[in-house]
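Results of the structural survey
Below are the chains, spelled out letter by letter.
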2 protein chains.
Amino acid sequence: MKRLFPLTLLALTAQAAPPALSPGEIVTASPASDWVTIAPSDLLVMDLASDSKNRPRRVVIQLMPPPFSQGWVGNIRLLAKARWWDGTSINRVQDNYVVQWGDASEKKAVPADLVKVLESAYSSSIQSLQRGVAEMIGRQTGVNGRNQTKVGFIGRPIPPDDPYGGTSENRLGWPTNRSATNVWPVHCYGMVGVGRGMPPDTGSGAELYTVIGHAPRHLDRNIALVGRVIEGIEHLSSLPRGTGALGFYEKAEERVPIRSIRLASDLPRSADLKFEYLLTESESFARYADARANRRDAFFISPAGGADICNIPVPVRRAR
Amino acid sequence: MKRLFPLTLLALTAQAAPPALSPGEIVTASPASDWVTIAPSDLLVMDLASDSKNRPRRVVIQLMPPPFSQGWVGNIRLLAKARWWDGTSINRVQDNYVVQWGDASEKKAVPADLVKVLESAYSSSIQSLQRGVAEMIGRQTGVNGRNQTKVGFIGRPIPPDDPYGGTSENRLGWPTNRSATNVWPVHCYGMVGVGRGMPPDTGSGAELYTVIGHAPRHLDRNIALVGRVIEGIEHLSSLPRGTGALGFYEKAEERVPIRSIRLASDLPRSADLKFEYLLTESESFARYADARANRRDAFFISPAGGADICNIPVPVRRAR
């Protein structure tokens, strides 16, 4: 193991000797200009029934921006505006896998204006991602992002190799993987996806799940991802596991009632729900990812020299 | 995505066209001779206080065989025989990370016969692993494993690339990673490790944790792994998250009391605790790993062509 230390020292020297900060310290020290405010229309707020001690249980989900999954994201906004989920429930909790919610009867009609989305939308073109990054940097900096060296895929990505094929990287604020032509979001802890039946175009967005275990990356490009839980995931991940097949609750009384799901922009006090994420195209994020892959804080004696995409979660926090 | 189908069909043809079974179906169909019985002396049985509905909560942990972590495993056997954990508690539950248990006061003296284990034991030589595999296959088949082609590292490993460096593979029944000279167990969901202070030789085995989230692989070779939870992990993973720093419970009454931790071989009814795991060096396991990496069951439209080591969990079941 000690042979790793010279390599680490070399890396430190090559990178102009940053101090040995932990990943969290790098995030805390990052400038305000590296943080992107999340629009209230991109926040989905799920209020569950209070717990056994009468404490509120709120889960906040960030929806994905273009070019990812916008057909399903649009459906989800319609479902929230129609208050479709109010009175539905958490129906499935499978250990080391997913928590799933929606209409337990599977008979409730969805709004007529939902669109049918084809499986081709499970991924997007590289060009559409590059446009999205350029626009986002433009919004963030007031400068046309296309003129910035930050745009595009430069430098050695962390992680360098993805065991599922492709090149995985955090882009546009989200964990992604890509081929030479296409890019798609990946199933990390806390990601939210669209349940479906056997035909791949049958997921409307009414049935949702979130990952509560090791990243089930075999689902990438086989189910639509639409967002991630950014606050309150413990209200889902610590629920009793279902004892039925696939972790479904066997008795109706085991289900957790959903009081309401709303877009934050439709809530009376949306100003209380301000979140921001660390710009994945910033220098701060690059330093954070490098520190996740090469832990130099005092506890670590053998930095790995790498990390998988789901072990480099995009920092999200309450805006100050 | 459709371009993946020809590749998959090619792989099927090259592998003498196995039927499109799911990973679970392959495991169910595997012959009894591919299953290895777990010795009762390798099972650690943790009984927690009953839950709020007076239901028992039992967690069963499989301890690691040589060449892995035997100094700490020996200490754990001594601690169980001394009934050291009886009356201690679960003290920390951090979402997407770990559940940790031991003496909350941090003042309880450990038995005098525990050994101090150096950090050099975080990994083992490749030769010692090969000896272990040969001996295990010998026990399993009645034939000296060293004469079998199964021993050693043959074929293209799945996964081929490990983002943390090295070559990761399930070996001797456990998820491992290796360099050219050394091999070490890795931090997958459910793995059990030894808490320690800053100096890397300070973990005795009295303070233990298990992973309840995405694999924290940055801990590999930085903390000793000693086993994995093989039954009852839901009694740990669904506990309320601690609200203190690092997920520690802030109030004593939040801690979950541990009634006892024993080796199954020291329990009066150890015969009720028979488990077995799928031999990782068997053809059945190779087919299972391949099916995890290339999902061909009906639901999947885009098999990944790979999987990370922690998404190929070693099948463990109650022996029939």
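The structure we're discussing is the one just above.
So, here's what we can say about the structure. (Residues numbered from 1 in each chain as written. Chains lettered and ligands numbered in written order. Predicted model: local features only at pLDDT ≥ 70, side-chain atom pairs only at ≥ 80, totals over all residues. Heavy atoms only, no water.)

Here's the deal with the interface of chain A and chain B
Counting residues at the interface gives 50 residues for chain A, matched by 50 residues for chain B. Roughly 4,200 Å² of surface becomes buried between chain A and chain B when both sides are summed, with 58% attributable to carbon and sulfur atoms. On inspection of chain A and its partner chain B, the count reaches 23 residue pairs in polar contact (both at pLDDT 80 or more). Across the side of chain A that touches chain B, the residue classes break down as 23 nonpolar, 14 polar and 13 charged. (Contact = heavy atoms within 4.5 Å. Buried area = accessible area lost by both parts, 1.4 Å probe. Polar contact = N/O pair within 3.5 Å; in protein donor to acceptor, adjacent residues only side chain to side chain. Nonpolar A, V, L, I, M, F, W, Y, C, P; charged D, E, K, R; others polar.)

Some words on the sheet that holds strand β7 (residues 167-171) of chain A
Residues and elements named next belong to chain A. The strand order across the open sheet formed by four strands is β6-β9-β8-β7, and the pairing between neighbours is antiparallel. In this open sheet, the two strands that pair with only one neighbour each are β6 (124-125) and β7. In this sheet, strand β9 (residues 182-185) lies alongside β6 in antiparallel orientation, the contact comprising two bridges. When the sheet's bridge partners are listed, S125 is paired in β9 with N182. (Pairing = 2+ DSSP bridges. Helix = DSSP H or I, 4+ residues; strand = E, 2+ residues; numbered from the N terminus.)

Description of the packing of aromatic side chains
Under the defined criterion, the tally for this structure stands at eight aromatic pairs over all chains. An angle of 80 degrees between the planes, with centres 5.6 Å apart, marks the rings of A:F299 and A:F300 as edge-to-face. Like A:F300, A:F299 is buried. Between A:K108 and the ring centre of A:W84, over which it is positioned, the NZ or CZ distance is 5.1 Å. When the ring centre of A:F299 is taken as origin, the NZ or CZ atom of B:R196, which lies over that ring, is 3.7 Å away. (Phe/Tyr/Trp six-rings, centres within 6.5 Å; stacked < 30°, edge-to-face > 60°. Buried < 20%, exposed > 50% of the residue type's maximum accessible area, 1.4 Å probe, protein only. Lys NZ or Arg CZ within 6 Å of the ring centre and 35° of its normal.)

Quick word on the pattern of salt bridges
All names here are of chain A. The final tally for this structure, using the stated rule, is 34 salt bridges over all chains. The salt bridge involving R318 is made with E231; its shortest N-O contact spans 2.7 Å. A residue pair is termed long-range when its members are at least 10 positions apart, and R318 in strand β15 (residues 316-318) and E231 in strand β12 (residues 225-231) qualify at 87 residues. Relative accessible area serves as the criterion here: at 27%, E231 is assigned to the partly exposed category. Among the ionic pairs, D297 bridges to R295, the shortest N-O distance being 3.5 Å. D297 sits in the buried class, given a relative accessible area of 17%. Each of the salt bridges in this network shares a partner with another, and the network as a whole consists of E169, R171, R178 and E281. (Salt bridge = Lys/Arg side-chain N within 4 Å of Asp/Glu carboxyl O.)

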